[in-house]
Amino acid sequence: MAYFAKLNNGTVERVISVSNSDLGEPASSFPQTEQAGREFISNILCLEGEWLQTSYNASFRRNYAGIGFSYDHGRDAFIPPNPFPSWLLDDETCRWIAPVAYPDDGKAYTWDESITNWKEITNDPN
């Protein structure tokens, strides 16, 4: 199975699967399957737009594309939405990381953007 993301102004708006048999598998692999997939999507499924192949196990384009992800042409990578303004994009993984490392004390935490730090999750409603 191969997966393809439809882009709209650089943002993923849909992800579909295409059978390997429709891509010339098993003889073909990425990037050859991308062109075969585009042709199948256009000619057989009659879907328009810009389609890029995405990897479920992130073996190419760094992350599996999801709806709302952006595609960075320079990095050739799908990038998830930024969860918080203070988080930074890791150039290697193209994933967002907190400016403060997650505590390693066995407790559960959630990010608190107002203090730009992790806040312990407790049963106390205050």
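On a predicted model such as this, the values are computed, not experimentally measured, just so you know. (Residues numbered from 1 in each chain as written. Predicted model: local features only at pLDDT ≥ 70, side-chain atom pairs only at ≥ 80, totals over all residues. Heavy atoms only, no water.)

As for the environment of Glu-50
The cut-off we apply is this: Helix and strand assignments come from DSSP, with helices taken as H or I runs of at least 4 residues and strands as E runs of at least 2, each series counted from the N terminus. Here a residue-residue contact requires only that any non-hydrogen atoms of the pair lie within 4.5 Å.
On the secondary structure map, Glu-50 appears in strand 3 (residues 50-54). Separated by 54 residues in the primary sequence, Glu-50 and Asp-104 have C-alpha atoms spaced 42 Å apart. When sequence neighbours within four positions are dropped, the list of residues in contact with Glu-50 reads Ala-5, Lys-6, Leu-7 and His-73.

Focus on the packing of aromatic side chains
Think of a pair of aromatic rings as described by two things: how far the centres are apart, and how the planes are tilted against each other in angle. Using the following cut-off: Whether two aromatic rings pair depends on their centres lying within 6.5 Å, for rings of Phe, Tyr and Trp, where Trp uses its six-membered ring; planes under 30 degrees apart make the pair stacked, over 60 edge-to-face, and the rest tilted. Think of it in three bands: with a 1.4 Å probe and only protein chains considered, a residue is buried below 20% of the maximum accessible area for its type, exposed above 50%, and partly exposed in between.
This model, assessed by the stated rule, comprises 12 aromatic pairs. Taking the centre distance of 5.8 Å and the plane angle of 35° together, the rings of Tyr-3 and Tyr-56 count as tilted. One end of the pair, Tyr-3, is in strand 1 (residues 2-8); the other, Tyr-56, is in the loop between strand 3 and strand 4 (70-72), and 53 residues separate them in sequence. By relative accessible area, Tyr-56 is classed as exposed at 61%. Measuring from ring centre to ring centre gives 5.7 Å for Tyr-102 and Tyr-109, while their planes differ by 85°; the resulting arrangement is edge-to-face. Members of the aromatic cluster, joined through ring pairs, are Phe-84, Trp-87, Tyr-102, Tyr-109, Trp-111 and Trp-118.

Here we look at the pairing of strand 3
The following threshold applies: Pairs of strands are assigned from DSSP output, requiring at least two bridges between the strands.
A large share of strand 3 lies buried, amounting to four of its five residues. Inspection of the sheet shows strand 1 paired to strand 3 by five bridges, in the antiparallel sense. Looking at the pairing, Leu-7 lines up with Glu-50 of strand 3.

A few points about the side chain of Thr-54
Put simply, the rule reads: In the analysis that follows, any N or O atom pair within 3.5 Å is treated as a polar contact, provided that within protein one partner can donate a hydrogen and the other can accept it, and provided that, for residues neighboring in sequence, both atoms belong to side chains.
With respect to the element layout, Thr-54 can be found in strand 3. Exposure remark for Thr-54: the relative accessible area of 2% places this residue in the buried category. Separated by 2.8 Å, the side chain of Thr-54 and the backbone nitrogen of Ala-65 make a polar contact.

Structural notes on helix 1 (residues 32-43)
Threshold: Each helix should span, by expectation, one fewer than its residue count multiplied by 1.5 Å. Our arc is simply the arc of the directions from the helix axis toward the C-beta atoms.
In a regular helix each residue adds 1.5 Å, so 12 residues correspond to 16 Å; helix 1 covers 17 Å between its end C-alpha atoms and thus fits that length. Buried residues of helix 1: Thr-33, Glu-34, Gly-37, Phe-40 and Ile-41, and no others. Buried residues of helix 1, viewed axially, fall in a sector of 125°; they line one side. Contacts made by the buried residues of helix 1 are with strand 1, strand 2 (11-18) and strand 3.

Considerations on the pattern of salt bridges
Between side chains of opposite charge, a pair can form as their charged atoms come close. Note the threshold: Any carboxyl oxygen of Asp or Glu that lies within 4 Å of a side-chain nitrogen of Lys or Arg is treated as forming a salt bridge with it.
Inspection of the entire model under this criterion finds six salt bridges. Across the pair Asp-76 and Arg-61 runs a salt bridge, and its minimum N-O distance is 2.7 Å. With a gap of 15 residues between them, Asp-76 in the loop between strand 4 and strand 5 (77-79) and Arg-61 in the loop between strand 3 and strand 4 connect regions that are remote in the sequence. Classification of Asp-76 by relative accessible area gives partly exposed; the value is 31%. Among the residues examined, Arg-61 registers a relative accessible area of 8% and is labelled buried. When the shortest N-O distance is used, the salt bridge between Asp-72 and Arg-75 registers 2.9 Å. Residues joined in a network through salt bridges with shared partners are Glu-34, Arg-38, Arg-61 and Asp-76.

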